[in-house]
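# Observations on the model geometry
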Amino acid sequence: MQMKVGIIGSGIGALASAIELRKLGLSVTVFEANDIIGGKIVEQRIGDYRFDMGPSVFTEPHLVQELLQALDPQQTFPYHQLDESCRYFFNDGQQVNLPVHKDEVAQTLQTEFGEDKAAALHFLSQMEANYKAIYPVFIQISLHRLNHLLAKPLLKALARLFQYGLHQTMHQQNRQIFKNSKTIQIVDRLATYNGSSPYLAPAMLNIISQLEFNEGPAMPVGGMVQITRRTQQLAAQFGVDFHTNERVLEILHQNNIIKGLRTAKGNYEFDLMVSNMDIHYTYEQLMPTIKAPRHLLSQEKSSSAVVFYWGMNRSFEQLGVHNIFFASDYQAEFKAIFDTKTLHPDPTIYIHISSKVEQSDAPDGKENWFVMVNAPINVGQDWDNEIQLLRKRILAKLTKQLQVEIEDCIECEQINEPRLIDARYSGKQGSIYGNASNNAFSAFLRHPNFSKKIKGLYFAGVTVHPGGGIPLAINSAKIVARCVQEDYPSLRK
């Protein structure tokens, strides 16, 4: 008899799991509480503008294509490869467009910030080597199964053990290598890609430089939403069943074995379950009788965000697809986010403009701005007042930097913030990535991709191993599929 698997949530981790498990011959059903499949990777049209509502940075596009080809080898995934990683704006007026590829990046750091080109190139080459050594050990496999670890890649990774900066934070390592505070700020920023602080996160996370600077970001043709739209379409084509507007209320289990799930519409029987939900939500809401791993769930939460979606009635030549307007005191901003749980008065502002490459996302001569500020999780702040004040600060800062009265350019607006992130996506207190990576052991303190207590229960997505971001969520699904095959030998091919 064909085994049946139920998947809770429909983010990219869930959709990747659906494809990987369907490939194994399982009957797969996906349950989504909202009316749209895709988790945080969804779009919305506001007036004449189209916005990607969630993730905006796309790296390792080959992973999406490989995922599609897992079911249909003829599938392709078209994308634009960007020739710059980001445009940076500093409060003293300096503006720098940072290209991609090691040589070009190192040269720009020398020209714009006076860095030693050879030192910059050495750092970028070291991060490339570290990334390639760590990838098969920390990202492609489970850290919680001995048979995954005991393989040749482990020896290669261990051979570079002293290259990872395990005794340092990202900021400490970057401060040793670069001499200009602006360069340090640019490299430190990569900690925000998984909702962490560079002043606390381990230097190992500097391997993100490989994706940001050496390879560079891309943009899917049709926007970020195509990542989840295409994977859903393919999964449905190959028999995966999707239930929208049906929130899972409980994971059913008996004698520590999965039995199915319960929604408001009734009970469903399944042999296996995959939760793509925030790991805290899974335990607290879906399995309240199961003792949660408090040593994992008590870790510091990742940051949240406040996002303004603005339809702008003009274009800005000085802006690119990705833009950062830095705070002057970066460390104080992270202290506000993680220590006092407040919004810093001089926030770092990120602006994503997909219409720079996808021109149909905005009317001719206009632009769609995704304006984001990293924010603390929700601990009861007066968000209505905080967001109103933040909006004024953003408008003042951008007006000064761009020499245009920004508020006069806004034709339409929508806002996302920690309370809404919690309500719509069940992210604990509005955290985006579950636990932050704000300690040296963070890589080992993410929940495994399988339950050690309930047979047949698995976990995928950004709040479990290997971590936050689209590439890691896809890899979490691959790990789930491998674990399922190990646990149920009849599924091995």
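Residues numbered from 1 in each chain as written. Predicted model: local features only at pLDDT ≥ 70, side-chain atom pairs only at ≥ 80, totals over all residues. Heavy atoms only, no water.

## Some words on empty space enclosed by the protein
Rules: Computed over the protein atoms alone on a 1 Å grid, cavities are sets of points where a 1.4 Å probe fits but cannot get out and pockets are open sets with protein on both sides within 12 Å along at least five of seven lines; a residue lines them when it has an atom within 4 Å of a point. Grid points are joined across faces, edges and corners, and a volume is the space filled by probe spheres set on the points. We call Asp, Glu, Lys and Arg charged. Ala, Val, Leu, Ile, Met, Phe, Trp, Tyr, Cys and Pro are nonpolar, and the rest, Gly among them, are polar.
On inspection of all chains with the given rule, the structure shows three cavities of 30 Å³ or more. Size it by volume and the largest cavity reaches roughly 40 Å³. In terms of lining, the largest cavity is formed by L98, V105, L109, F123, L124, F178, I186, V187 and F213. For the lining of the largest cavity, the class distribution of residues is nine nonpolar, no polar and no charged.

## Thoughts on helix 1 (residues 12-23)
Because an α-helix packs 3.6 residues into every turn, residues spaced three or four apart end up facing the same way. This is how the line gets drawn: Secondary structure follows DSSP: runs of H or I at least 4 residues long count as helices, runs of E at least 2 residues long count as strands, and numbering of each begins at the N terminus. The span one expects for a helix is its residue count, reduced by one, times 1.5 Å. Summary of the burial criterion: residues with accessible area below 20% of their type's maximum are buried, those above 50% are exposed, and those between are partly exposed, where the area comes from a 1.4 Å probe applied to protein chains only.
If you check helix 1, its first and last C-alpha atoms are 16 Å apart, about what 12 residues at 1.5 Å a residue would give, namely 16 Å. Burial runs high along helix 1: 10 of the 12 residues are buried. Every buried residue of helix 1 is listed here: I12, G13, A14, L15, A16, S17, A18, I19, E20 and L21. G25 occupies a position one or two residues after helix 1 and carries a positive phi of about 95°.

## Topic: the state of the cysteines
Spelled out, the test is: Throughout, disulfides are identified as pairs of cysteine sulfur atoms within 2.5 Å of each other.
The full count for this structure, using the stated rule, is zero disulfides. C409 provides the cysteine sulfur closest to C412, a residue in no disulfide bond, and the two sulfurs are 13 Å apart.

## A short note on the side chain of R391
What counts here: Any N or O atom pair separated by 3.5 Å or less is treated as a polar contact, with the protein-specific requirement of one donor-capable and one acceptor-capable atom, and with residues adjacent in sequence counted only for side-chain atom pairs. Throughout, a residue-residue contact means that at least one pair of heavy atoms, one from each residue, lies within 4.5 Å.
Mapped onto the elements, R391 comes out in helix 14 (residues 383-402). Residue classification places R391 among the buried residues on the basis of a relative accessible area of 19%. Among the polar contacts listed, one links the side chain of R391 to the side chain of E407, at a separation of 3.0 Å. Filtering out sequence-adjacent residues up to four positions away, R391 remains in contact with F308, W310, E407, I410 and E413.

## Concerning unusual backbone geometry
That bond from H465 to P466 is cis: its omega, 5°, falls within 30 degrees of zero. Turning to its location among the elements, P466 is positioned in the loop between strand 19 (457-459) and helix 16 (470-487). A positive phi is found at N255, a non-glycine position, where the angle reads about 55°. Residue position: N255 is located in the loop between strand 10 (248-254) and strand 11 (257-263). A relative accessible area of 67% means that N255 is categorised as exposed. Its identity is not glycine, yet K341 carries a phi of approximately 55°, on the positive side. With respect to the helices, strands and loops of the structure, K341 is situated in the loop between helix 13 (330-340) and strand 16 (349-352).

## What about the environment of P448?
Among the structural elements, P448 can be located in the loop between helix 15 (418-425) and strand 19. The residues touching P448, leaving out its near neighbours within four places in the chain, are H144, L296, F459 and V464.

## A short note on the pattern of salt bridges
For clarity, the threshold we go by: Each reported salt bridge corresponds to a side-chain nitrogen of Lys or Arg within 4 Å of a carboxyl oxygen of Asp or Glu.
Applying the stated criterion across every chain, the model contains 23 salt bridges. Residues D92 and K182 are paired through a salt bridge, measuring 2.5 Å at the closest nitrogen-oxygen approach. Placement of D92 in the loop between strand 6 (84-89) and strand 7 (95-99) and of K182 in helix 8 (residues 181-188) is noted, with a sequence separation of 90 residues between them. Among the charged side chains, a network of salt bridges with common partners joins E43, R50, D52, R229 and D361.

## Considering the packing of helix 1 against helix 16
Applied cut-off: Axes here refer to lines fitted to C-alpha atoms; in helices the fit is confined to the stretch in contact. Angles between the N-to-C directions go from 0 to 180 degrees. Crossings are classed by handedness, with left-handed meaning an anticlockwise turn of the near helix from the far one by less than a right angle and right-handed meaning a clockwise turn.
Contact pair helix 1 / helix 16: the axes reach a minimum separation of 8 Å and the direction vectors enclose 35°. Remark: the crossing between helix 1 and helix 16 carries right-handed chirality. Facing helix 1, whose interface residues are I12, G13, A16, S17, E20 and L21, helix 16 presents I470, A473, I474, A477, K478, A481 and V484. Along the lines of polarity and charge, the residues of the contact of helix 1 with helix 16 split into nine nonpolar, two polar and two charged.

## A closer look at the sheet that holds strand 10
Here is the rule we go by: Note: two strands are recorded as paired if DSSP finds a minimum of 2 bridges between them.
Read across the sheet, three strands follow the order 10-11-12 without closing on themselves; strand pairing throughout is antiparallel. With partners counted over all chains shown, the strands left at the sheet margins are strand 10 and strand 12 (266-269), one partner each. Across this sheet, the average inter-strand angle for adjacent strands is 30°, counted without regard to direction.

## Considering the layout of surface pockets
The computed volume of the second largest pocket comes to approximately 310 Å³. Around the second largest pocket, the lining is made up of 22 residues, and of these L319, S355, K356, Q359 and E367 lie nearest the centre. Tallied by class, residues from the lining of the second largest pocket come to seven nonpolar, seven polar and eight charged.

## Some words on the sheet that holds strand 19
Read from one edge to the other, the open sheet built from five strands follows the order 9-2-1-13-19, with strand pairing classed as parallel. The strands lining the two open edges of the sheet, one partner per strand, are strand 9 (241-243) and strand 19. Strand-to-strand, the axes of this sheet are offset by a mean angle of 20°, without reference to chain direction. Across three bridges, strand 13 (residues 272-275) lies against strand 19 in parallel orientation. Considered in strand 19, the bridge of S275 is made with F459. Together, strand 1 (4-8), strand 2 (27-31), strand 9 and strand 13 form the strand contacts of helix 1, whose direction differs from that of strand 2 by roughly 170°.

## Regarding the pairing of strand 13
Of the two faces of strand 13, the one lined by L272 and V274 and the one lined by M273 and S275 are each fully buried. Bridge count for strand 1 against strand 13 is four bridges, and the pairing is parallel. The partner of V5 across the bridge, within strand 13, is L272.

## Digging into the packing of aromatic side chains
Test applied: Planes of paired rings set the category: under 30 degrees apart is stacked, over 60 is edge-to-face and the rest tilted, where pairs are Phe, Tyr or Trp rings (Trp by its six-membered ring) whose centres lie within 6.5 Å.
Applying the stated rule across the entire model yields 21 aromatic pairs. Seen in terms of ring centroids, Y283 and F459 are 6.3 Å apart; in terms of plane orientation they differ by 20°. Their pairing is stacked. Highlighted residues: Y283 in helix 11 (residues 279-286) and F459 in strand 19, separated in sequence by 176 residues. Given a relative accessible area of 0%, F459 falls into the buried group. A network of ring pairs unites the aromatic residues Y88, F90, F113, Y199, F326, Y330 and F334 as a single cluster.

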